[in-house]
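Analysis of the macromolecular model
For reference, the chains in residue letters:
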Amino acid sequence: MIFMKKEELLQTDVDLVKKLARSLKEKDIITFDSLFKKLEEVGINSFKELWQYAASPKCEDEIAVVLQLMLERVKGVNNKEIESLYSSSQVGCYIADKLCGRPQEELYGIYLDSKNKIIAEKLIFQGTVNRAVAHPRDIFRWAVIYNSTAFFVAHNHPSGDEQPSQHDLRFTKKLVEASKCMGIDFLDHFIVTDNTYLSFREMELL
């Protein structure tokens, strides 16, 4: 098994497809016919065999990493949603892919039950090209409606800069204070771009 770097885990689905296409092109595999011929040569007739090949020494490291990531994501697809949360990187990748290419800032609330199962994803606000404005009450209104025990928020920066603005920091602080009063856990705030994410909790900003 190839160990994957953080930057590899954070790539969007589109990035992975492009990277695989470039790697195959270097080997003169540029048509479906040439791809099918290569699969036949190495004896791959199923996704299981493709996974085994990617994990074997026969497969070059770069292609192995991309194939393993793609197969993991395909295996985890469930109507383009994730059901349970296990790590900030999982959520960051999911949100980055969800908001990839959006021209405006969009703020989402993601609501969970006591077992970290996602109850709902709610678009709270859609802003202008570089500004999204929302109030904590908009977040907690849906938390109460969904009877959730915890939530996190996420929004994109179309500029490509994942660093939080002063507005982002003030908004997050208000959510922390309100969550204590409401008794609903505020787990994290994510800022995502097309290529990466920033977790307030990972950066110790909340």
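Now for a look at the structure at hand. (Residues numbered from 1 in each chain as written. Predicted model: local features only at pLDDT ≥ 70, side-chain atom pairs only at ≥ 80, totals over all residues. Heavy atoms only, no water.)

1. Things to note about the overall build of the protein
Broken down by element type, the protein carries eight helices and five strands. If you list the helices and strands of the protein from N to C, you get α-α-α-α-α-α-β-β-α-β-α-β-β. Summing over all exposed atoms, the protein offers an accessible surface of approximately 12500 Å²; the carbon and sulfur share of this is 53%. (Helix = DSSP H or I, 4+ residues; strand = E, 2+ residues; numbered from the N terminus. Areas by Shrake-Rupley, 256 points an atom, 1.4 Å probe, with all protein chains shown as cover.)

2. Description of the side chain of Asn156
Mapped onto the elements of the fold, Asn156 is located in strand β3 (residues 150–156). Only 2.9 Å separates the side chain of Asn156 from the backbone oxygen of Gln104, close enough to count as a polar contact. Each residue touching Asn156, except ones within four places of it in the same chain, is listed here: Leu99, Arg102, Gln104, Glu105, Glu106 and Val192. (Polar contact = N/O pair within 3.5 Å; in protein donor to acceptor, adjacent residues only side chain to side chain. Contact = heavy atoms within 4.5 Å.)

3. Overview of helix α3 (residues 32–41)
Where burial is concerned, little of α3 is hidden: zero out of the ten residues are buried. Directly after α3, the chain includes Gly43, whose backbone phi takes a positive value near 75°. (Buried < 20%, exposed > 50% of the residue type's maximum accessible area, 1.4 Å probe, protein only.)

4. Side note on the packing of aromatic side chains
The tally for this structure, following the rule as stated, stands at eight aromatic pairs. Seen in terms of ring centroids, Phe140 and Phe151 are 5.2 Å apart; in terms of plane orientation they differ by 80°. Their pairing is edge-to-face. With Phe140 in helix α7 (residues 136–145) and Phe151 in strand β3, this pair connects stretches of sequence that are eleven residues apart. Summarising the burial analysis for this pair, Phe140 and Phe151 share the class buried. Geometrically, the ring pair formed by Phe151 and Phe186 is stacked, given 5.1 Å between the ring centres and 15° between the ring planes. Of the two residues, Phe151 sits in strand β3 while Phe186 sits in strand β4 (residues 185–192), which places them 35 residues apart along the sequence. Taking relative accessible area as the criterion, Phe186 reaches 8% and is therefore assigned buried. An aromatic cluster is defined as three or more aromatic residues linked by ring pairs; in this entry it consists of Tyr111, Phe140, Trp142, Tyr146, Phe151 and Phe186. Lying over the aromatic face of Trp142, Lys122 brings its terminal NZ or CZ to 4.0 Å of the ring centre. (Phe/Tyr/Trp six-rings, centres within 6.5 Å; stacked < 30°, edge-to-face > 60°. Lys NZ or Arg CZ within 6 Å of the ring centre and 35° of its normal.)

5. What about the nonpolar core?
Proteins that are soluble and globular tend to have nonpolar side chains buried together. Residues Leu20, Leu50, Cys59, Ile63 and Leu67 are the most contacted members of the largest nonpolar core, which totals 16 residues. Listed by contribution, the elements that provide at least two residues to this core are α2 (13–25), α4 (47–54) and α5 (61–76). A per-element tally of this core places α5 first, with seven residues. Not counting chain neighbours up to four residues away, the residues in contact with Ile63 comprise Leu20, Ser23 and Lys27. (Core = buried A, V, L, I, M, F, W, Y, C linked by side-chain atoms within 4.5 Å.)

6. Observations concerning the sheet that holds strand β1 (residues 106–112)
Reading across the sheet, the five strands line up as β2-β1-β3-β4-β5 and stay open at both edges, with mixed pairing between neighbours. Of all strands in the sheet, those with a lone pairing partner are β2 (118–126) and β5 (197–199), marking the two edges. Here the strands of the sheet are splayed against their neighbours by 20° on average, with no regard to which way each runs. Across the face of the sheet, helix α6 (residues 88–98) comes into contact with β1, β2, β3, β4 and β5 while running at roughly 50° to β4. Against the sheet, helix α8 (residues 166–182) engages β1, β3 and β4, with an angle of about 165° to β4. (Pairing = 2+ DSSP bridges. Axes fitted to C-alpha atoms, helices over the stretch in contact; angles between N-to-C directions.)

7. Digging into unusual backbone geometry
Although it is not a glycine, Asp28 sits at a positive phi angle of roughly 65°. As for its placement among the helices and strands, Asp28 is situated in the loop between α2 and α3. By relative accessible area, which is 65% here, Asp28 ends up exposed. Of note, Asn147 is a non-glycine position whose phi angle comes to about 55°, a positive value. With respect to the secondary-structure elements, Asn147 resides in the loop between α7 and β3.

8. Section: the packing of α7 against α8
Packing of α7 against α8 brings their axes to within 10 Å, and their N-to-C directions diverge by 40°. Between α7 and α8, the angle is such that the two are oblique. Considering how the two elements wind past one another, α7 and α8 form a crossing that is right-handed. Of the residues in α8, those touching α7 at Pro136, Ile139, Phe140 and Val144 are Phe171, Lys174, Leu175, Ala178, Ser179 and Met182. Taken together, the residues of the contact of α7 with α8 break down into eight nonpolar, one polar and one charged. (Parallel < 35°, antiparallel > 145°, perpendicular 65-115°, else oblique. Left-handed = near helix turned anticlockwise from the far one by under 90°. Nonpolar A, V, L, I, M, F, W, Y, C, P; charged D, E, K, R; others polar.)

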